[in-house]
Amino acid sequence: MAAIRPSSTVSAWQPPVPGIAEVFHARFTEHAYPAHVHDTWALMILDGGRVDFGLDRERHGLGVSDTVVLLPPGVVHDGRTVTEAGFRKRVLYLDTSVLPEALTGAAVDTPLLADAALRDRVHGLHRALGPPDLPAGAVDLLEAQSRLAFVRERLRGRLEGRGAGHETLSYGVPDTRTAARLRELLDARVVGGITLQEASAVLGHAHPTHLIRSFRQAFGLPPHAYLTGRRVAVARRLLLAGMPPAQAATEAGFYDQAHLTRHFRRHVGTGPARFARSARSARANQDLQEPQRPQRP
């Protein structure tokens, strides 16, 4: 009896992150792409199986590894499965605001980038963008933009032939003054939030990755994690005061209660609804234990 092949699946969506035209997750068992071109960069990581593709009349093959595939805009390519199991891939389609078309030649020469750090950064960006059913408002823009900035930096370094330490050399060593100013900015925008581009403009157009490195070195965590922690703290105080979780979520800067729950559970160890119930129970017990004042005759 012939083995049953797993079915092909596709998820595609446009995240609310400037520079990312599309996110594409797919599992293909028999699909073959015809020769075609994109008007964007295609940044792919493989999560299972093997894929064969042609780029500018050269054939390339890839299995699951630390290698990242980068296909430039305007260059003919195709793709196909290699084994009966097919392959699983995640792709980010990036516009030319992320990578200029001038780097096309370098990408054609080396479409396979064996770089474990780069693959980790791409994987982290996919996680920040969330699943396809995540509401656009629930995407942490500061985190996604921060992760995209580091992906862009690494890609440009590879395509321009710069060494592993080029990031710090290009944008300067992290400094505490920049970190302190960024923290003041985040503290002033806890609920409303701020994009990485806005922060860069306010702080003298500092390079985004320099801002993040400076903050992380000074305070031990990236700016988006600091902002999320501040928002959880605000929600916690509102819940203790008796505010319903759904209202506390939006008042603290989260998109909705589900968005709050995802982060609250990581920070507090329980969900906001259970936390709120425990607070109500504690208040009720305190009311019962208050001594009754003697009534005047």
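Higher on the page you've got the structure.
About the criteria used
Residues numbered from 1 in each chain as written. Predicted model: local features only at pLDDT ≥ 70, side-chain atom pairs only at ≥ 80, totals over all residues. Heavy atoms only, no water. Helix = DSSP H or I, 4+ residues; strand = E, 2+ residues; numbered from the N terminus. Contact = heavy atoms within 4.5 Å. Areas by Shrake-Rupley, 256 points an atom, 1.4 Å probe, with all protein chains shown as cover. Axes fitted to C-alpha atoms, helices over the stretch in contact; angles between N-to-C directions. Parallel < 35°, antiparallel > 145°, perpendicular 65-115°, else oblique. Nonpolar A, V, L, I, M, F, W, Y, C, P; charged D, E, K, R; others polar. Salt bridge = Lys/Arg side-chain N within 4 Å of Asp/Glu carboxyl O. Buried < 20%, exposed > 50% of the residue type's maximum accessible area, 1.4 Å probe, protein only. Expected span 1.5 Å × (residues − 1). Polar contact = N/O pair within 3.5 Å; in protein donor to acceptor, adjacent residues only side chain to side chain. Phe/Tyr/Trp six-rings, centres within 6.5 Å; stacked < 30°, edge-to-face > 60°. Pairing = 2+ DSSP bridges.

1. A word on the overall build of the protein
Broken down by element type, the protein carries 11 helices and 9 strands. Counting only contacts in the protein whose residues sit at least 6 apart along the sequence, the fraction spanning at least 24 positions is 72%. Put simply, the protein shows about 15500 Å² of open surface, and 50% of that area lies on carbon and sulfur atoms.

2. Some thoughts on the packing of helix α8 (residues 223–240) against helix α10 (residues 257–268)
Geometrically, a packed helix pair is captured by the angle between its two axes and the distance between the axes. Packing of α8 against α10 brings their axes to within 10 Å, and their N-to-C directions diverge by 90°. Between α8 and α10, the crossing angle belongs to the class labelled roughly perpendicular. Two secondary-structure elements touch here, α8 through T228, G229, V232, A235, R236 and L239 and α10 through L260, H263, F264, H267 and V268. Considering only residue class, the contact of α8 with α10 consists of 6 nonpolar, 4 polar and 1 charged.

3. Quick look at the pattern of salt bridges
With the rule as written, the count across this model stands at 13 salt bridges. Between D187 and R230 there is a salt bridge, and its shortest N-O distance comes to 2.5 Å. You can see D187 sitting in helix α5 (residues 176–188) and its partner R230 sitting in helix α8, a full 43 residues away along the chain. Given the relative accessible area of 31%, D187 is considered partly exposed. Classification of R230 by relative accessible area gives partly exposed; the value is 29%. The network of salt bridges with shared partners includes D52, R59, D78 and R80.

4. Comments concerning unusual backbone geometry
Its identity is not glycine, yet R57 carries a phi of approximately 70°, on the positive side. Relative to the elements of secondary structure, R57 occurs in the loop between β4 (41–55) and β5 (58–63). For H205, which is not glycine, the phi torsion reads 60° and is therefore positive. With respect to the helices, strands and loops of the structure, H205 is situated in the loop between α6 (196–202) and α7 (208–219).

5. Some words on helix α3 (residues 141–159)
Here α3 contains 19 residues, and its C-alpha end-to-end distance of 26 Å stays within 8% of the 27 Å for a straight helix at 1.5 Å per residue. Most of α3 sits out of view: 14 of its 19 residues are buried. Within two residues after α3, G161 carries a phi angle of roughly 75°, on the positive side.

6. Some words on α10
For α10, the set of buried residues is H259, L260, T261, H263 and F264. Between the side-chain oxygen at the start of α10 and the backbone nitrogen of A258 there is a gap of 3.3 Å, and the oxygen is on D256.

7. Some remarks on the packing of aromatic side chains
Per the stated rule, a full pass over the model turns up 5 aromatic pairs. With 5.9 Å between their ring centres and 85° between their planes, F28 and Y33 make a pair best called edge-to-face. With 5.3 Å between their ring centres and 70° between their planes, F264 and F275 make a pair best called edge-to-face. Taken as a pair, F264 in helix α10 and F275 in helix α11 (residues 272–289) lie far apart in primary sequence, 11 residues in all.

8. Focus: the pairing of strand β7 (residues 77–81)
Side chains H77, G79 and T81 project from β7 onto a buried face, and the interleaved D78 and R80 project onto a face without burial. Pairing between strand β3 (residues 32–36) and β7: 3 bridges, direction antiparallel. Within β7, the residue paired with A32 across the bridge is R80. Where β4 meets β7, 3 bridges bridge the pair, whose relative direction is antiparallel. In the sheet register, V51 faces β7, and the bridge partner there is T81.

9. Here we look at the environment of T96
Turning to its location among the elements, T96 is positioned in the loop between β8 (87–94) and α1 (104–109). Take T96: its relative accessible area is 36%, and that puts it in the partly exposed class. Spatially, the C-alpha atoms of T96 and G19 are 7.5 Å apart, while their sequence positions differ by 77 residues. Residue contacts for T96: discarding those within four places in its chain leaves W41 and E101.

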